[in-house]
Amino acid sequence: MNQKFEPHNSIIVFDGTCKLCNSSVNFIIERDHKNIFKFAHMQTNIGQQILVTYNISNDNIDTFLLVKNGEAFIKSDAALAITKELKSPWNHLIILRIIPRPIRNYLYSLIARNRYKWFGKQEYCMTPTPELQDKFLT
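The paragraphs below set out a description of the structure included in this document. (Residues numbered from 1 in each chain as written. Predicted model: local features only at pLDDT ≥ 70, side-chain atom pairs only at ≥ 80, totals over all residues. Heavy atoms only, no water.)

### Some words on the packing of aromatic side chains
Applying the stated criterion across every chain yields a total of four aromatic pairs. Consider the rings of Phe-64 and Tyr-108, whose centres lie 6.1 Å apart with planes at 50°: the pair is tilted. You can see Phe-64 sitting in the loop between helix H2 (45–53) and strand E3 (65–68) and its partner Tyr-108 sitting in helix H4 (residues 101–113), a full 44 residues away along the chain. Exposure class is identical for Phe-64 and Tyr-108. Each is buried. An aromatic cluster of three or more residues is present, and its members are Phe-14, Phe-39 and Phe-136. (Phe/Tyr/Trp six-rings, centres within 6.5 Å; stacked < 30°, edge-to-face > 60°. Helix = DSSP H or I, 4+ residues; strand = E, 2+ residues; numbered from the N terminus. Buried < 20%, exposed > 50% of the residue type's maximum accessible area, 1.4 Å probe, protein only.)

Shown next, in the form of structure tokens:
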């Protein structure tokens, strides 16, 4: 752990207390056959540094952030950019880009606003297993 933030890496910054977000991270890890993603909780110093670097306010944040090759993606754009890198059949979800961004982001925001109510909240950020520690930035 304790890796440095490198903007050329593919880094996913997520809400570490959100059960849906943690489940999504586990889903991504299991299907990241290229082993390209690193992860950071929004609640960590490095997570905050990345948010600040890309001018993402963490006030009432209802998204996660993907940094890929120095470019920041949020909401449905981030989700689709991630799925593009996953094992088949998940990588085929990229076709959902044909849906206009305002519609995709509306649906994304609806789920994000209700994520604690629908899926729950954890008191503490997830702690990676020793096998996964190198995937998490702290």
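### Side note on the side chain of Asn-105
Looking at the secondary structure, you find Asn-105 in helix H4. Among the polar contacts listed, one links the side chain of Asn-105 to the side chain of Ser-76, at a separation of 2.6 Å. Residue contacts for Asn-105: discarding those within four places in its chain leaves Lys-75, Ser-76 and Asp-77. (Polar contact = N/O pair within 3.5 Å; in protein donor to acceptor, adjacent residues only side chain to side chain. Contact = heavy atoms within 4.5 Å.)

### Considering the nonpolar core
Ranked by size, the top nonpolar core spans 19 residues in total, and within it Ile-12, Phe-37, Phe-39, Leu-66 and Ile-82 carry the most contacts. If you list the elements that add at least two residues to this core, you get strand E1 (10–14), helix H1 (19–31), strand E2 (37–41), helix H3 (75–84) and H4. Take this core: its biggest share by element is four residues, from H1. Look past the residues within four positions of Ile-12 in its chain and what remains in contact with it is Ile-28, Phe-37, Lys-38, Phe-39, Ala-40, Phe-64, Leu-65, Leu-66 and Ile-82. Of all hydrophobic cores here, the second largest spans 12 residues; its members include Val-13, Met-42, Ile-50 and Ile-56. (Core = buried A, V, L, I, M, F, W, Y, C linked by side-chain atoms within 4.5 Å.)

### Focus on the sheet that holds E3
Strand order in the open sheet formed by four strands is E2-E1-E3-E4, and the pairing between neighbours is mixed. Each end of this open sheet is capped by a strand with a single partner; those strands are E2 and strand E4 (71–74). The mean inter-strand angle of the sheet, taken between neighbouring strand axes irrespective of direction, is 20°. Two elements, E1 and E3, share three bridges in a ladder whose sense is antiparallel. In the strand pairing of E3, Ile-12 is matched with Leu-66. (Pairing = 2+ DSSP bridges. Axes fitted to C-alpha atoms, helices over the stretch in contact; angles between N-to-C directions.)

As far as function goes, none of this settles anything; it's purely spatial.
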